[in-house]
Amino acid sequence: TQLLEQSPQFLSIQEGENLTVYCNSSSVFSSLQWYRQEPGEGPVLLVTVVTGGEVKKLKRLTFQFGDARKDSSLHITAAQPGDTGLYLCAGASSNDYKLSFGAGTTVTVRA
Amino acid sequence: GAVVSQHPSWVICKSGTSVKIECRSLDFQATTMFWYRQFPKQSLMLMATSNEGSKATYEQGVEKDKFLINHASLTLSTLTVTSAHPEDSSFYICSARPWTGGRTDTQYFGPGTRLTVL
């Protein structure tokens, strides 16, 4: 099992502030995915990063994959209440397509 | 695109009965489907990997005789919880990996099924 450590576990910020979520591992992943999950619903894919050093932007969200493909970060600029949710990172194994999930970061953006 | 549905969205059953949960990829063919379980305030735990036309592969600690998985087509996988007990109550989520002819690690998730066993 490839372990992914996600931090912080909880984040509560005011609307308009920035936040960063980290995902770290000692293992190399073929790709890493970020999902957002609302209570009582399934995770929704935000992005897949594949190449070491890759940076992807999705409106106010910026995703980075580490050069060694062992870690990733999610940065949200000017957070809005609609960004509230559980953010999950998941690394894909290179040989069996299984995803190893981080423990998740619960983000609360206060209006 | 890449929509995965699950049915039912929630189910309540009596202890000892069996419950079947369906997972469908609506607009793509899925080489592989995965079944996860999620407890409140926790992350997803992989239960099994399901490939079309072959037996499912179960993760360590998951009873294959209790959680029967059938992957009958490239768009449908089912999970049957047999002789359900209250400790089986959980949120069950499936995901599907699209068949693209090449390598893709991306999984698309269904909306989940809330199972409550009385």
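Our subject is the structure that appears above.
Thresholds, definitions, all that
- Residues numbered from 1 in each chain as written.
- Chains lettered and ligands numbered in written order.
- Predicted model: local features only at pLDDT ≥ 70, side-chain atom pairs only at ≥ 80, totals over all residues.
- Heavy atoms only, no water.
- Helix = DSSP H or I, 4+ residues; strand = E, 2+ residues; numbered from the N terminus.
- Rg over C-alpha atoms; globule rule 2.2 N^0.38 Å.
- Salt bridge = Lys/Arg side-chain N within 4 Å of Asp/Glu carboxyl O.
- 1 Å grid on protein atoms, 1.4 Å probe; cavity = no way out; pocket = protein on both sides within 12 Å on 5 of 7 lines; lining within 4 Å.
- Points joined across faces, edges and corners; volume = space filled by probe spheres on them.
- Nonpolar A, V, L, I, M, F, W, Y, C, P; charged D, E, K, R; others polar.
- Pairing = 2+ DSSP bridges.
- Axes fitted to C-alpha atoms, helices over the stretch in contact; angles between N-to-C directions.
- Contact = heavy atoms within 4.5 Å.
- Buried area = accessible area lost by both parts, 1.4 Å probe.
- Polar contact = N/O pair within 3.5 Å; in protein donor to acceptor, adjacent residues only side chain to side chain.

### What about the overall build of chain B?
In step 1: What chain B contains, in helices and strands, is zero helices and eleven strands.
In step 2: Across chain B, helices and strands are ordered from the amino to the carboxyl terminus as β-β-β-β-β-β-β-β-β-β-β.
In step 3: Compactness check: chain B gives a C-alpha radius of gyration of 14 Å against a globular reference of 13 Å for 118 residues, within 12% of the reference.
In step 4: Each principal axis of the C-alpha distribution contributes one length, and for chain B these read about 45 × 25 × 25 Å.

### Structural notes on the pattern of salt bridges
Residue and element names in this part refer to chain B.
In step 1: The final tally for this structure, using the stated rule, is six salt bridges over all chains.
In step 2: Among the salt bridges present, the one from aspartate 88 reaches lysine 66, with a minimum N-O distance of 2.9 Å. On the criterion of sequence distance, the pair formed by aspartate 88 in the loop between strand 8 (76-81) and strand 9 (90-98) and lysine 66 in the loop between strand 6 (57-58) and strand 7 (67-73) is long-range, its members being 22 residues apart.

### Some details on the layout of surface pockets
In step 1: Space inside the second largest pocket adds up to approximately 500 Å³.
In step 2: Leu86 and Thr106 of chain A together with Pro40, Lys41 and Gln42 of chain B are the residues nearest the centre of the second largest pocket, which is lined by 20 residues in total.
In step 3: Elements with a minimum of two residues in the lining of the second largest pocket: strand 9 (85-92) and strand 11 (105-110) of chain A.
In step 4: Within the lining of the second largest pocket, the residues separate by chemical class into seven nonpolar, nine polar and four charged.

### As for the sheet that holds strand 8 of chain B
Residues and elements named next belong to chain B.
In step 1: If you trace the four strands from one edge of the open sheet to the other, you get 1-3-8-7, paired in antiparallel fashion. The open sheet is flanked by strand 1 (4-7) and strand 7, the only strands paired with a single partner. Strand-to-strand twist of the sheet, defined as the mean angle between neighbouring strand axes without regard to direction, takes the value 15°.
In step 2: Across four bridges, strand 1 lies against strand 3 (residues 19-25) in antiparallel orientation. Counterpart to serine 5 in the pairing with strand 3 is arginine 24.

### With respect to the interface of chain B and chain A
In step 1: With 20 residues of chain B in contact, the opposing surface of chain A contributes 22 residues.
In step 2: Summed over both partners, the interface of chain B with chain A buries about 1600 Å², with 53% contributed by carbon and sulfur atoms.
In step 3: Inspection of the chain B/chain A interface yields one salt bridge.
In step 4: As a salt-bridge pair, lysine 98 of chain A and glutamate 59 of chain B come within 2.6 Å of each other at their nearest N and O atoms.
In step 5: Seen at the junction of chain B and chain A, the total is seven residue pairs in polar contact (both at pLDDT 80 or more).
In step 6: Those elements that place two or more of their residues in the side of chain B that touches chain A are strand 4 (30-38), strand 5 (44-51), strand 9 and strand 10 (108-109) of chain B.
In step 7: Split into classes, the residues belonging to the side of chain B that touches chain A amount to nine nonpolar, seven polar and four charged.

Don't take any of this as a statement about function, it's just geometry.
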